[in-house]
Amino acid sequence: MPEPASAGPFLTERAVRSLVEQWYAALDRHRDPEEVKRFLVDDGLELRFPEGVFRGHTGFAEWYAVAVHRFFDEQHTVLRVRAAVDGAEAVVRVNVAWQARMWEPPAADSRWLGFDADQTWTVVAGEDGRTPLIKTYTCNALEPMPGSAAL
């Protein structure tokens, strides 16, 4: 007799897409880092951004502190999510348009930034077997929009 569908850990494309949307909403609102960490695995986390590779929750906290102090009025618009789900793991391609403002003292004005990002994430099931968590996050390409300032 086959096991019921609820046996064992599994992810759904819908849950992965929800993770993507919630992640960017938290980043846009500059949520408390402890709140944002709920989207990340405890062990084995690796984040690859143009500015470097950050590992574990300590690395995430370092990256996040710089990001929330450097960028404001952020808006991430998810353009496409393609998830290849295999049980408790998914390889996810994310295309997102990111816009923000940046001010670097002593400049008189802030600068507008706009980039289209192509990313690959590895998402795994959390302890409950269903809640998706980011394990790896790689920015494959960051293409400036017309008129964007440089990072």
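Here the structure is a predicted model, which means the values were calculated and not measured. Residue positions within a chain follow its written sequence, with the count starting from 1. The predicted origin of the model limits local features to residues at a pLDDT of at least 70 and limits the giving and counting of side-chain atom pairs to 80 or more, whereas totals for whole chains, interfaces and linings rest on all residues. Neither water nor hydrogens contribute to the side-chain values; these are computed over all heavy atoms in the structure.

Caption draft 1: Here's a closer look at helix α1 (residues 13-28). Numbering of helices and strands runs from the N terminus, with a helix taken as a DSSP run of H or I at least four residues long and a strand as a DSSP run of E at least two residues long. Any helix carries an expected span of 1.5 Å times its number of residues minus one. Compared with an ideal rise of 1.5 Å per residue, which puts 16 residues at 22 Å, α1 spans 23 Å between its outermost C-alpha atoms and is within 8% of the ideal. For α1, the full list of buried residues reads Val16, Leu19, Val20, Trp23, Tyr24, Ala26 and Leu27. End-on, the buried residues of α1 take up no more than an arc of 160°, which puts them together on one face. Of the residues flanking the end of α1, it is His30, one or two places downstream, whose phi is positive at about 50°. Categorising residues by exposure relies on relative accessible area from a 1.4 Å probe, with only protein chains included: less than 20% of the type maximum marks a residue as buried, more than 50% marks it as exposed, and the intermediate range marks it as partly exposed. Taking the helix axis as origin, the arc is that swept by the directions to the C-beta atoms.

Caption draft 2: Representation of unusual backbone geometry in the model. Note the cis peptide between Pro105 and Pro106, where omega equals 5°. Here Pro106 shows up in the loop between β4 (89-102) and β5 (111-125). Backbone geometry at His30 places phi at a positive 50°, although glycine is not the residue there. Along the chain, His30 falls in the loop between α1 and α2 (33-36). Not every positive phi belongs to a glycine, and Asp73 is a case in point at roughly 50°.

Caption draft 3: Structural view of the pairing of strand β3 (residues 71-86). As defined by bridge partners, β3 adjoins β4 across 13 bridges and the pair is classed as antiparallel. For Val78, the partnering residue across the bridge sits in β4 and is Val96. The pairing criterion is simple: DSSP has to find at least two bridges between the two strands. Where β3 folds back onto β4 in an antiparallel hairpin, the turn is made up of two residues, including Gly87, whose phi is positive at roughly 70°.

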